[in-house]
Amino acid sequence: GAVVSQHPSWVICKSGTSVKIECRSLDFQATTMFWYRQFPKQSLMLMATSNEGSKATYEQGVEKDKFLINHASLTLSTLTVTSAHPEDSSFYICSAAEETQYFGPGTRLLVL
Amino acid sequence: RKEVEQDPGPFNVPEGATVAFNCTYSNSASQSFFWYRQDCRKEPKLLMSVYSSGNEDGRFTAQLNRASQYISLLIRDSKLSDSATYLCVAGMAGKSTFGDGTTLTVKP
């Protein structure tokens, strides 16, 4: 099946810093990628839809100025958590779709 | 009400048991349906797609009832390795909505 990679897999940072997470589709081109967040023992919540060459579409309640999404190419989307705070600590997962949706391995963010 | 609702579980079953998971979705415009498996601290992985005609893959059978907006997953002869959280997904226009998941623990 298709492969989606994420980098980094783990991030520990101080409160107030910004963190960039990369999502790459390795063997196919993805005009659309999705960013999810999952808190412990909860379901995946869609944060935004990343569209290549255009602005991302954010879900209700997700601050677009805090979670910056850039989809600069057909194989790369980035999510930047700006001025991260402890409540932003979570598991961030991206996905890209061909016929079915393939998920990256996720990035665990811990903000101290 | 959540868009996709699942049995909360957890399900604790012995090896060899048959276990069934249920899921309902509220958006009648949903077009695609899946079951994903998520192991602890890992990303979800596609288990199988779900069709109205039913879909069987080895020990796993998935069923969709569009009239009732109901999705099911049946696992026969469960193995220890089946222990995981199973996520029901309803999708439309490329966007997927996940249920909270049902946790299954298969014990020896």
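In short, a report on the structure. (Residues numbered from 1 in each chain as written. Chains lettered and ligands numbered in written order. Predicted model: local features only at pLDDT ≥ 70, side-chain atom pairs only at ≥ 80, totals over all residues. Heavy atoms only, no water.)

**A short note on the sheet that holds strand β8 (residues 76-81) of chain A**
All names here are of chain A. Test applied: In short, DSSP must find at least two bridges between two strands for them to pair. Numbering of helices and strands starts at the N terminus; helices are DSSP runs of H or I of at least 4 residues and strands are runs of E of at least 2. In this analysis an axis means a line fitted to C-alpha atoms, helices contributing only their contacting stretch, and an angle means the value between N-to-C directions, from 0 to 180 degrees.
Pairing within the open sheet is antiparallel, and its four strands lie in the order β1-β3-β8-β7. If you trace the sheet from one side to the other, it starts and ends with β1 (4-7) and β7 (67-73), each paired once. Each neighbouring strand pair of the sheet contributes to a mean axis angle of 15°, computed without reference to strand direction. Both β1 and strand β3 (residues 19-25) contribute to a ladder of four bridges, which runs antiparallel. When the bridges of β3 are listed, Gln 6 appears paired with Cys 23.

**A word on the pattern of salt bridges**
All names here are of chain B. This is how it is decided: Any Lys or Arg side-chain nitrogen found within 4 Å of a carboxyl oxygen on Asp or Glu counts as a salt bridge. Residue burial is assigned from relative accessible area. The probe radius is 1.4 Å, only protein chains are included, and a residue is buried under 20% of its type maximum, exposed over 50%, and partly exposed in between.
The full count for this structure, using the stated rule, is eight salt bridges over all chains. Here Asp 39 ties to Arg 37 by a salt bridge, and the two come within 2.9 Å at their closest N and O atoms. We classify Asp 39 as partly exposed; its relative accessible area is 30%. Salt-bridge contacts for Glu 43 lead to Lys 45; the nearest nitrogen and oxygen are separated by 2.9 Å. For Glu 43, a relative accessible area of 11% corresponds to the buried category.

**Digging into the nonpolar core**
Here is the rule we go by: Residues belong to one nonpolar core when they are buried, are Ala, Val, Leu, Ile, Met, Phe, Trp, Tyr or Cys, and are joined through side-chain atoms within 4.5 Å. In this analysis, two residues are considered to be in contact whenever any of their non-hydrogen atoms come within 4.5 Å of each other.
Counting residues in each nonpolar core, the largest one holds 24 residues, and the members touching the most others are A:Cys13, A:Trp35, A:Phe67, A:Leu79, A:Tyr92 and A:Leu109. At the level of elements, β2 (10-13), β3, β4 (32-38), β5 (45-51), β7, β8, β9 (90-97) and β11 (107-111) of chain A are the ones that each hand at least two residues to this core. Beyond its immediate stretch of four places on either side in the chain, A:Tyr92 contacts A:Gln6, A:Ile21, A:Tyr36, A:Arg37, A:Met47, A:Phe67, A:Leu79, A:Gly106, A:Thr107 and A:Leu109. Core analysis: the second largest hydrophobic core is formed by 23 residues, B:Trp35, B:Ala62, B:Leu104 and B:Val106 among them.

**A word on the state of the cysteines**
Counted only if it meets this: Disulfides are defined in this document as cysteine sulfur pairs within 2.5 Å.
According to the stated counting rule, one finds two disulfides over all chains in the structure shown. Each sulfur in the disulfide pair A:Cys23 and A:Cys94 lies 2.0 Å from the other. Judged by the torsion about the S-S bond (80°), the A:Cys23/A:Cys94 disulfide is right-handed. Of this pair, A:Cys23 sits in strand β3 while A:Cys94 is found in strand β9, placing the two residues 71 residues apart along the sequence. According to the relative accessible area criterion, A:Cys23 is buried, its value standing at 0%. Residue B:Cys23 pairs covalently with B:Cys88 via a disulfide, S to S 1.9 Å. Torsion about the S-S bond of the B:Cys23 and B:Cys88 cystine: about -80°, corresponding to left-handed handedness. Of this pair, B:Cys23 sits in strand β3 (residues 19-25) while B:Cys88 sits in strand β9 (residues 84-92); the two residues are 65 residues apart in sequence, bridging distant segments of the chain. No disulfide involves A:Cys13; its nearest neighbouring cysteine sulfur is the one of A:Cys94, lying 19 Å away. This cysteine, B:Cys40, is not joined by any disulfide, and A:Cys94 carries the nearest cysteine sulfur, 20 Å off.

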